Amino acid sequence: MDANMQGDAHLNARTRRAHLEAMAREPLDVLVIGGGITGAGVALDAVTRGYRVGLVERADFASGTSSRSTKLLHGGIRYLPQFDIALVSEGLHERGRLLRNAPHLARPLAFLLPLYDSSRKPVGLPVAPPFGIGLTMILDIGLWLYDRLAGKRSIAPHRRLSRAETVRRMPGLTEKGVKSGFLYYDGQTDDARLTLAVSRTAVMYGALVANYAEVTRYASDEDGHITGAYVRDTLDGDGTERVIRARHVVNASGVWAEANDHLSGGESHLHIAPSKGAHLVFTRERLGLGDEAIVLPETDDGRIIFIVPWLARALVGTTDTGTSLAAPPVAEQDDIAYLLNHLNRYLREPVSIADIVSTYAGYRPLLRLKKGEATGKLSRAHEVVEREDGLVTVAGGKLTSYRQMAEDVVDHLEAREGKHQPTATGALRLQGATRWPESRELFFQRAAEMRLDATVAEHLVHAYGDEALEILDLIAERSALGERLIPDLPYLRAEVVHACRAEMALTLEDLLARRLHISLEDRARGLGVAAEVATLMAQELGWSEEERVARLAAYDKYVRAEAGPLAGLLPPPQAAAKSVTAHE
Ligand code: FAD
């Protein structure tokens, strides 16, 4: 174990309060705004370089874009035709690091790329080779380059497939017009849990973190230099505001970075151009999907669509449309129609709205610097910008490249301090993987002794890594906690207790949408078990009956808003309310 590691990273309502008080009591070296993957990464990098760090998130960890991605760890094959080699190479190297540093949360995934007679400009090729001549060779060279750019972190070399093998590997897709195919490799993760694991790793090294804590304005000295921020407690509208002092304030608030740049008035130095990406969720069976992802090679707007096996389900996405930030992102009618239309061009048996299990959408934080105002340009994919008053903003990038983004931010702070200490995060094991693979072996041994279902055991070890053993401890203490919440999903009641005790889950949404993923994987988006989960949470968090009912109503509202145009297919609120009594 690392000598600088201070240990316990169990987070809950009590530690949240204690962390907020500690942040306000003594000035920090670094205050990070935003508990998405970028902010979490910055907190971890800074704390492991010896800074006293605090991170505040106005809603829940990963509730912004970082729980709404396609969940791929990749360089991005579609950036190859754009010759964005630096971006692809960075992503592939970070993919490799994550597979090593968080083996419980990151795993290799095979991708099947079928080629059809009709394929003209697959994978976003800018021009179509005449009569398709040489197309296979071009893709072969591109994928060879993709393998090479990963260097020693390559998962496995890509392969060219015959027509017969391509068809055999995609039973749900039409074989009409299939010419051949390719198999290549990338990575996959659980974005929300990865964000949590990075935040908790920062806590293991001494960082202070709090969700439901919003920066409302900056604190400055007489010269106008930023010296901290005012932070409002947003849980339950409590509204307590604290001033947190810090030598460096880092704005890592993703798509809201421009709005947070404006907080102290004046003209913003940034321009965020948000782009919405939507996904549809199906059962794997309905799409005939096994353990390999499929790339639908071509869309009308020159992009690709992935069909990705994720947990018990299949994700289909994504779209890419310019948008405003006026409302939380939702898969609207147009997004659903676009994805269904493209998917049905390839499926053997077309799907309809009735087959959709759930939908979700997110805003990509694309950064555009205003002319002449950049103080730092670290790569084409993300930017670190410093204002005259000292606010440092990081924006752009991808989930996969969060560690590199964080390294660049803290290098920037180091330069400000006249120091040049290198990052330690390149080979740093994340929370859940510090005792891996020994903990994994021990877990499976104990799981077998307790006769735990194999699917449940697989789920627990991947979601929690080392801490999966703590779930077994809970079940050993109270056997009722070993029961599933929903028959066809592997989530256990014990996980609700664990999320309250160790993962700072404070609302039903935190629990059902991000600690567990029931709101994505269940057709009723968890409304059927919300009452049971609320009862368990009430016991853990000391909610009154009034509060429990209010929490249920808030979850119901969240689910209906997320479902957007499909909200009408959800069980009516009365049915959800009825199940409150049924489960009690
Ligand atoms: P966010 O996750 O949005 O975090 C910013 C946080 O700041 C939010 O939680 C917000 O609540 C908080 N905040 C805002 N204002 C304040 C304030 N005043 N005080 C306190 N907190 C505040 N990348 C990949 O590598 N692989 C993929 O497969 C992939 N797929 C994607 C698919 C889609 C549809 C989208 C939209 C993006 C995808 N990405 C992918 C990109 C990736 O998801 C994002 O780059 C990444 O999650 C952004 O993280 P972030 O921390 O910068 O922003």
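Residues numbered from 1 in each chain as written. Predicted model: local features only at pLDDT ≥ 70, side-chain atom pairs only at ≥ 80, totals over all residues. Heavy atoms only, no water.

### As for the overall build of the chain
Moving on, step 1. Along the backbone of the chain there are 19 helices and 20 strands.
Moving on, step 2. Its C-alpha radius of gyration of 24 Å places the chain within 12% of the 25 Å reference for a compact globule of 584 residues.
Moving on, step 3. Reported as C-alpha extents along the three principal axes, the dimensions of the chain are approximately 70 × 65 × 45 Å.
Moving on, step 4. Per-residue burial for the chain yields a buried fraction of 61% across its 584 residues. (Helix = DSSP H or I, 4+ residues; strand = E, 2+ residues; numbered from the N terminus. Rg over C-alpha atoms; globule rule 2.2 N^0.38 Å. Buried < 20%, exposed > 50% of the residue type's maximum accessible area, 1.4 Å probe, protein only.)

### A look at the nonpolar core
Moving on, step 1. Counting residues in each nonpolar core, the largest one holds 51 residues, and the members touching the most others are F443, L452, L460, L485, L511 and V533.
Moving on, step 2. If you list the elements that add at least two residues to this core, you get α11 (438-449), α12 (454-464), α13 (468-477), α14 (493-502), α15 (508-515), α17 (527-541) and α18 (545-563).
Moving on, step 3. At nine residues, α17 tops the list of elements feeding residues into this core.
Moving on, step 4. Setting aside chain neighbours within four positions, we find L452 in contact with F443, A447, A457, L460, L472 and I475.
Moving on, step 5. A9, A43, L105 and L428 belong to the second-largest nonpolar core, a separate cluster that totals 46 residues. (Core = buried A, V, L, I, M, F, W, Y, C linked by side-chain atoms within 4.5 Å. Contact = heavy atoms within 4.5 Å.)

### A closer look at the domain arrangement of the chain
Moving on, step 1. Structurally, the chain comprises domain 1 (13-66 + 192-269 + 378-417), domain 2 (108-188 + 273-365) and domain 3 (438-583).
Moving on, step 2. With centres defined by C-alpha atoms, the gap from domain 1 to domain 3 works out at 29 Å.
Moving on, step 3. Surface buried jointly by domain 1 and domain 3 totals about 1,300 Å² across both partners, of which 50% is contributed by carbon and sulfur atoms.
Moving on, step 4. The interface formed by domain 1 and domain 3 holds four salt bridges in total.
Moving on, step 5. Of the charged contacts, one joins R193 and E503 as a salt bridge, the two residues approaching to 2.5 Å between their closest N and O atoms.
Moving on, step 6. Here domain 1 is connected to domain 3 by nine residue pairs in polar contact (both at pLDDT 80 or more).
Moving on, step 7. The set of elements that each furnish at least two residues to the side of domain 1 that touches domain 3 consists of α1 (13-25), α6 (191-204) and β7 (208-210).
Moving on, step 8. Sort the elements by how many residues they give to the side of domain 1 that touches domain 3 and α6 lands first, with four residues.
Moving on, step 9. Residues belonging to the side of domain 1 that touches domain 3 are distributed by class as follows: nine nonpolar, three polar and five charged. (Domains from an automatic or database assignment. Buried area = accessible area lost by both parts, 1.4 Å probe. Salt bridge = Lys/Arg side-chain N within 4 Å of Asp/Glu carboxyl O. Polar contact = N/O pair within 3.5 Å; in protein donor to acceptor, adjacent residues only side chain to side chain. Nonpolar A, V, L, I, M, F, W, Y, C, P; charged D, E, K, R; others polar.)

### So, the site of the ligand
Moving on, step 1. The environment of the ligand is formed by 35 residues, the closest being T38, E57, S66, L72 and T400.
Moving on, step 2. Contact between the ligand and S66: an oxygen atom at 2.5 Å from a side-chain N or O atom of the residue.
Moving on, step 3. Contacts to the ligand include K71, whose backbone N or O atom sits 3.4 Å from an oxygen atom.
Moving on, step 4. Computed on the free molecule, the ligand has an accessible area of 1,000 Å², of which 96% lies beneath the protein chains in the complex.
Moving on, step 5. For the shell around the ligand, the secondary-structure elements that each account for two or more residues are α2 (37-48), β8 (213-220), β12 (275-283) and β17 (358-364). (Near = heavy atom within 4 Å. Areas by Shrake-Rupley, 256 points an atom, 1.4 Å probe, with all protein chains shown as cover.)

### Quick look at α17
Structural remark: α-helix, 3.6 residues per turn; residues separated by three or four positions point the same way.
Moving on, step 1. Helix length check: α17 (15 residues) gives 20 Å between terminal C-alpha atoms against 21 Å at 1.5 Å per residue, within 8%.
Moving on, step 2. Within α17, burial applies to L527, V529, A530, A531, E532, V533, A534, L536, M537 and A538.
Moving on, step 3. Where α17 terminates, the next one or two residues include G542, which has phi positive at roughly 70°. (Expected span 1.5 Å × (residues − 1).)

### A closer look at the packing of aromatic side chains
Moving on, step 1. If you walk through the whole model with that rule in mind, you get six aromatic pairs.
Moving on, step 2. For the ring pair F111 and Y184, a centre distance of 5.2 Å and an interplane angle of 20° mean the geometry is stacked. You can see F111 sitting in strand β4 (residues 107-116) and its partner Y184 sitting in strand β6 (residues 178-188), a full 73 residues away along the chain. For the residue pair F111 and Y184, the accessibility class agrees, reading buried in each case.
Moving on, step 3. Judged by centre distance (6.0 Å) and plane angle (90°), the rings of Y146 and Y184 are edge-to-face. Highlighted residues: Y146 in helix α4 (residues 135-149) and Y184 in strand β6, separated in sequence by 38 residues.
Moving on, step 4. The exposure class of Y146 is buried, given its relative accessible area of 2%.
Moving on, step 5. Through a chain of ring-to-ring contacts, the aromatic side chains of F111, Y146, Y184 and F306 assemble into a single cluster.
Moving on, step 6. The side chain of R193 reaches across the aromatic face of Y464, ending 4.4 Å from its centre. (Phe/Tyr/Trp six-rings, centres within 6.5 Å; stacked < 30°, edge-to-face > 60°. Lys NZ or Arg CZ within 6 Å of the ring centre and 35° of its normal.)

### Focus on the pattern of salt bridges
Moving on, step 1. The full count for this structure, using the stated rule, is 42 salt bridges.
Moving on, step 2. With its nearest N and O atoms 3.4 Å apart, the salt bridge here joins E241 to R217. Of this pair, E241 sits in strand β10 (residues 241-251) while R217 sits in strand β8, and the two are 24 residues apart along the sequence.
Moving on, step 3. Residue E241 is classed as partly exposed on the basis of its relative accessible area, which comes to 36%.
Moving on, step 4. For R217, a relative accessible area of 38% corresponds to the partly exposed category.
Moving on, step 5. Across the pair R560 and D556 runs a salt bridge, and its minimum N-O distance is 2.7 Å. Of this pair, R560 and D556 both sit in helix α18, separated by four residues, roughly a single helical turn. Like R560, the residue D556 is buried in the burial classification.
Moving on, step 6. Sharing partners across several salt bridges, the network here consists of D60, E509, D510, R514 and R515.

### Re the pairing of β10
Moving on, step 1. In the sheet, strand β1 (residues 28-33) pairs with β10 via five bridges, with the strands oriented parallel. Paired with L28 across the two strands is A246, which belongs to β10.
Moving on, step 2. In this sheet, strand β20 (residues 392-396) lies alongside β10 in parallel orientation, the contact comprising two bridges. Looking across to β20, one finds that N251 is bridged to T393. (Pairing = 2+ DSSP bridges.)

### Overview of the packing of α2 against α6
Moving on, step 1. Where α2 contacts α6, the axes come no closer than 8 Å and their chain directions differ by 25°. As far as their axial angle goes, α6 and α2 are roughly parallel. Judged by the sense of rotation from one axis to the other, the crossing of α2 with α6 is left-handed. In this structure, α2 contributes I37, A40, G41, A43, L44 and V47 to the contact, and α6 contributes L194, T195, V198, S199, T201 and A202.
Moving on, step 2. Its residues assigned to classes, the contact of α2 with α6 shows eight nonpolar, four polar and no charged. (Axes fitted to C-alpha atoms, helices over the stretch in contact; angles between N-to-C directions. Parallel < 35°, antiparallel > 145°, perpendicular 65-115°, else oblique. Left-handed = near helix turned anticlockwise from the far one by under 90°.)

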